[in-house]
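Coordinates in review
Below, each chain spelled out in residue letters.
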Amino acid sequence: MAHADTLAAALSSTYNTNPTLNAQRAALRATDEGVPQALSGYRPVVTGTASIGLTSLNSSSGSMSLTPRTAGITIEQPLFRGFQTQNNVKQAESSVLAGRESLRSTEQDVFVDAVSAYTNVLQTQAILTLREQNIVFLQEQVRAATDRLKVGEGTRTDLAQTEASLSQGQTDYDVAVSNLNAAKATYLQVIGMQPKSLVIPVFNDRLLPKSLDSAIATGLKNHPAILTASFNVDTAAFNVKSIEGQLLPTVSLQGSVAHADEQSSVGTWSNSASVTANLTVPLYEGGVVYSQARQAKETLGQRRILLDSARDQVRSAVDTTWGQLAAARAAIVSANAQVKASELALAGVIEEQKVGQRTTLDVLNQQQTLIQARETLVIAQRSAIVAAYSVLSSIGALSADRLGLKVATYKPQQHYNAVRDKWFGLRTPDGR
């Protein structure tokens with residue numbers, strides 16, 4: 001199995017193998033089947049019947065045994081169902097469109113998870129390396145403190161301080177190893193392969209909107225959560241109309257042909273054919289349809305409220321992620337400055353210690369400050385990458401096509417077109 005060196009390769013693997021994403025695709029394919037089910041309301045229902053029996057007749061003229069047999073076919077074609085079929089089809093189609101947007105939303109969430117998993121491995125690896133370097137530094141301080149004690153220039157306190165710092169450094173290292181193992185496990189779960197030779201990603205700022213206002217406008221127009229909620233409103237509206245259609249008359253045409261043998265005497269047979277137009281007018285059904293209609297209208301109202309909520313959530317997400325990106329990039333600048341200053345300070349403290357102007361504790365404290373500054377820089381660099389992709393997700397622009405991933409793009413329309421007009425067949429388009 002090829003390993004993912006770059007973030008693009010990791011996202012491509014995620015797109016192809018992630019179980020959450022594949023499960024959502026399967027759910028959409030199941031939703032597609034609602035359309036041919038609704039379209040069946042336009043189509044005839046054909047039933048075949050057959051029967052065979054044994055009859056014994058006794059009379060004054062004698063007795064006989066008959067084997068009555070019948071076979072027939074009935075075809076019923078609905079002509080008018082109170083506009084239920086039309087509204088059921090529109091409802092099913094709206095559900096499909098909502099499902100496609102829900103798939104887009106899942107794709108975005110999974111991509112953000114993949115970016116987070118990828119950069120988390122990089123972060124934990126970098127922190128592990130820093131803590132390993134810290135142990136090497138502290139081991140050297142222990143050795144130096146031991147040497148100074150032997151020649152009478154140091155104290156047991158100096159040695160104890162360095163040994164305590166080394167012990168703490170080893171503990172921090174062990175925690176970093178555990179964190180790295182957990183990050184690798186999450187990477188395998190989300191991306192579908194073990195991390196190997198990961199490359200620090202560089203985000204293309206041209207993918208981002210020019211301003212926060214532009215980002216909000218884009219999100220309100222394109223985010224799949226809003227589009228899903230909008231199609232759900234349509235689905236609920238068509239459901240109201242379909243239920244109300246149950247209160248209207250229905251008209252159907254029924255035709256049947258039948259053949260019968262030995263119904264009353266041996267050797268007799270008969271054929272029959274009929275065509276019937278049926279009109280059914282619902283008068284009162286116990287109130288259930290009225291209740292269902294009221295219930296559906298309340299659901300429609302709920303869906304409209306959820307649409308407004310989705311807009312608010314998207315606006316908030318754009319604001320939040322945009323701010324997180326700006327904060328992370330500012331933190332990188334600050335952390336870089338802190339690292340450079342801490343490196344200079346540590347070098348100075350070490351030189352001052354050599355001439356007796358600084359203590360061992362001063363060196364240990366400054367080393368800890370440097371390690372914390374470097375870890376802060378690593379965390380800020382990861383946060384900036386995750387925040388940038390989160391901005392794309394918040395405006396509804398995080399997709400395989402937008403990222404230019406080298407994958408065969410999943411096209412939900414293909415399955416929809418394959419099943420929409422199917423009249424029969426048990427196998428799915430992929431052969432199951």
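Residues numbered from 1 in each chain as written. Predicted model: local features only at pLDDT ≥ 70, side-chain atom pairs only at ≥ 80, totals over all residues. Heavy atoms only, no water.

**Some remarks on the overall build of the protein chain**
Helix and strand counts for the protein chain stand at 11 helices and 6 strands. Relative to the globule expectation of 22 Å for 432 residues, the C-alpha radius of gyration of the protein chain, 37 Å, shows a markedly less compact shape. Evaluated residue by residue, the protein chain yields a buried proportion of 37% over its 432 residues. Element-wise, carbon and sulfur atoms account for 54% of the exposed surface of the protein chain, whose accessible area totals about 23800 Å². Across the protein chain, the mean location of the 38 positive side-chain charges is 6 Å away from that of the 36 negative side-chain charges. (Helix = DSSP H or I, 4+ residues; strand = E, 2+ residues; numbered from the N terminus. Rg over C-alpha atoms; globule rule 2.2 N^0.38 Å. Buried < 20%, exposed > 50% of the residue type's maximum accessible area, 1.4 Å probe, protein only. Areas by Shrake-Rupley, 256 points an atom, 1.4 Å probe, with all protein chains shown as cover. Lys, Arg positive; Asp, Glu negative; His and termini not counted. Charge placed at Lys NZ, Arg CZ, Asp CG, Glu CD.)

**Considerations on the side chain of N87**
Among the secondary structure elements, N87 is positioned in helix α4 (residues 84-150). Judged by its relative accessible area of 9%, N87 is buried. Polar side-chain contacts of N87 include one of 2.9 Å to the backbone oxygen of F83. (Polar contact = N/O pair within 3.5 Å; in protein donor to acceptor, adjacent residues only side chain to side chain.)

**Overview of the environment of A327**
For A327, the location among the structural elements is in helix α8 (residues 288-354). Under the relative-accessibility criterion, A327 is labelled partly exposed at 47%. Between the C-alpha atom of A327 and that of S383, which follows or precedes it by 56 residues, the distance is 9.1 Å.

**Considering the sheet that holds strand β5 (residues 250-261)**
A sheet is described by the order of its strands in space; here 4 strands give the open sequence β1-β4-β5-β6, paired in antiparallel fashion. The sheet terminates laterally at β1 (45-52) and β6 (269-280), the two strands that pair on one side only. Within the sheet, the average angular offset between the axes of one strand and its neighbour, ignoring direction, is 15 degrees. Here 12 bridges tie β5 to β6, and the two strands are oriented antiparallel to one another. Considered in β6, the bridge of A260 is made with S270. (Pairing = 2+ DSSP bridges. Axes fitted to C-alpha atoms, helices over the stretch in contact; angles between N-to-C directions.)

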